[in-house]
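An overview of the molecular structure
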Amino acid sequence: MSELSVNHLLGIKYLQPEDIQLIFETADQFKEVINRPIKKVPSLRDITIANLFFENSTRTRLSFELAEKRLSADVVNFSASSSSVAKGETLIDTVNNILSMKVDMVVMRHPNPGAGIFLSKHVNAAIVNAGDGAHEHPTQALLDAYSIREKLGDVAGKKVVIVGDILHSRVALSNIFALQKLGAQVKVCGPATLIPKHIQDLGVEVELNLINALNWCDVANMLRVQNERMDIKFFPSTREYVQQYGLNKKILDRLEKEIVVMHPGPINRGVEITSDVADSNHAIILDKVENGVAVRMAVIYLLASKIKQYD
Ligand code: NCD
């Protein structure tokens, strides 16, 4: 396979396993590029990309911007708080205004699930979903799976547990789709109130006990409790959450085998993982940030080569 089966990256759900392999192989080449003294390639000199962030972001936004600049694309940035969205403009009007400035691709983070899917049907540009509410965060899942492949050689056959607030997490859903498409086994673990009711229908098992889940897995992906998406209480107190689902060094040392610990960031140190775990050799948190740039370069490059074909 030499091109993606899709024209947009709206969610992992819409990708074939071969698409993911192609993204990984392309990312391998870009990873080599970003470790050179001159970290730039001229591939996308004729492409303009708009980054539209209607929701807060630090690393995803920087990572996309860096990826675009390392491909030599022209980049415009937009954030909702400083825009006319606050004046009541609709999403399509906002985006069409930006597109009339000859933008070829839109990278969008939006609080509403499905915002990217909606946009892809109404505007003439390649859309990359950088997180849509509690729905999907495809590039995060791609870089998580890419980092597992790098650390453990392959994703197929590996056992991955996703721990924490599964209910409100777009990282969880995208990870489940990506890991399964690549042949990994997936369990979720967290308070019963933070596990979606029919999650088993996706082919994942639920394990409420953290120690059992950790003893089973090769990789634990520790998610943040998404307080900003909660208008009621889902567990009695943070202290209780930490007691039941927080990962600390003592727990890691007592496990039957060594496991890899991941976290998408931002970390609430002392809640989902303690600092001694986050900063230990078990954790691949900062390696993932570098991989994030390479994986996003691959996604943008592959989508842009499809745009060029259709012109
Ligand atoms: C995640 C997100 O925004 O969904 N973070 C990220 O993209 N780096 C996870 C989170 O906010 O907990």
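This section reports on the structure supplied with the text. These figures come from a predicted structure and were not determined experimentally. What you see as residue numbers is a count from 1 along each chain, following the sequence as written. Selection of residues for local features in this predicted model requires a pLDDT of at least 70, selection of side-chain atom pairs for listing and counting requires 80 or more, and totals for whole chains, interfaces and linings are taken over all residues. Processing note: side-chain calculations cover all non-hydrogen atoms of the structure and skip hydrogens and water entirely.

Once that is clear, we can look at the pattern of salt bridges. Salt bridges are defined as contacts in which a side-chain nitrogen from Lys or Arg sits within 4 Å of a carboxyl oxygen from Asp or Glu. Enumeration according to the criterion identifies twelve salt bridges in this entry. Arg149 is the partner of Asp28 in a salt bridge, and the nearest nitrogen-oxygen pair spans 2.8 Å. Residue Asp28 is located in helix α1 (residues 17-34), and its partner Arg149 is located in helix α5 (residues 138-152); the two are separated by 121 residues in the primary sequence. Among the salt bridges present, the one from Glu228 reaches Arg224, with a minimum N-O distance of 2.8 Å. Only protein chains enter the calculation, and the probe is 1.4 Å; a residue is then buried if its accessible area is under 20% of its type maximum, exposed if over 50%, and partly exposed in between. Looking at Glu228, the relative accessible area reads 52%, which means it is exposed. For Arg224, a relative accessible area of 16% corresponds to the buried category. One continuous salt-bridge network, built from bridges that share partners, spans Glu55, Arg170 and Arg229. Going along the chain from the N terminus, every DSSP run of H or I of four or more residues is numbered as a helix, and every run of E of two or more is numbered as a strand.

Moving on, we come to the layout of surface pockets. Method remark: on a 1 Å grid restricted to protein atoms, a set of points is classed as a cavity if a 1.4 Å probe fits but cannot get out and as a pocket if it is open with protein on both sides within 12 Å along at least five of seven lines; lining residues have an atom within 4 Å of a point. Grid points are joined across faces, edges and corners, and a volume is the space filled by probe spheres set on the points. One number sums up the size of the largest pocket: a volume of about 390 Å³. Along its surface, the largest pocket is lined by 21 residues, and Arg109, Arg170, Arg224, Gly265 and Pro266 are the ones closest to its centre. Breaking the lining of the largest pocket down by element, the ones donating at least two residues are α2 (59-70) and α6 (170-181). Any residue outside Ala, Val, Leu, Ile, Met, Phe, Trp, Tyr, Cys, Pro, Asp, Glu, Lys and Arg is labelled polar, Gly included; the first ten of those are nonpolar and the last four are charged. Taken together, the residues of the lining of the largest pocket break down into four nonpolar, ten polar and seven charged. Lining the lining of the largest pocket are residues from two domains, each supplying at least three of them: domain 1 (12-136 + 289-310) and domain 2 (138-285). Boundaries between domains were set according to an automatic or database domain assignment.

At a minimum axis separation of 11 Å, helix α3 (residues 91-99) and helix α4 (residues 115-122) run at an interaxial angle of 55°. On the basis of the axis angle, α3 is oblique to α4. Read as a crossing pair, α3 and α4 show a hand that is right-handed. Residue-level contacts link Leu91, Ile92 and Val95 of α3 to Ala115, Phe118, Leu119 and His122 of α4. Classifying every residue of the contact of α3 with α4 gives six nonpolar, one polar and no charged. To get an axis, a line is fitted to the C-alpha atoms, and for a helix only the part in contact is used. The angle between two axes follows their N-to-C directions and goes from 0 to 180 degrees. We call two directions roughly parallel when the angle between them is under 35 degrees, roughly antiparallel when it is over 145, roughly perpendicular when it lies between 65 and 115, and oblique otherwise. In a left-handed crossing the near helix is turned counterclockwise from the far helix by less than a right angle, and in a right-handed crossing that turn is clockwise. Note on contacts: a residue pair qualifies if any of its non-hydrogen atoms lie within 4.5 Å across the two residues.

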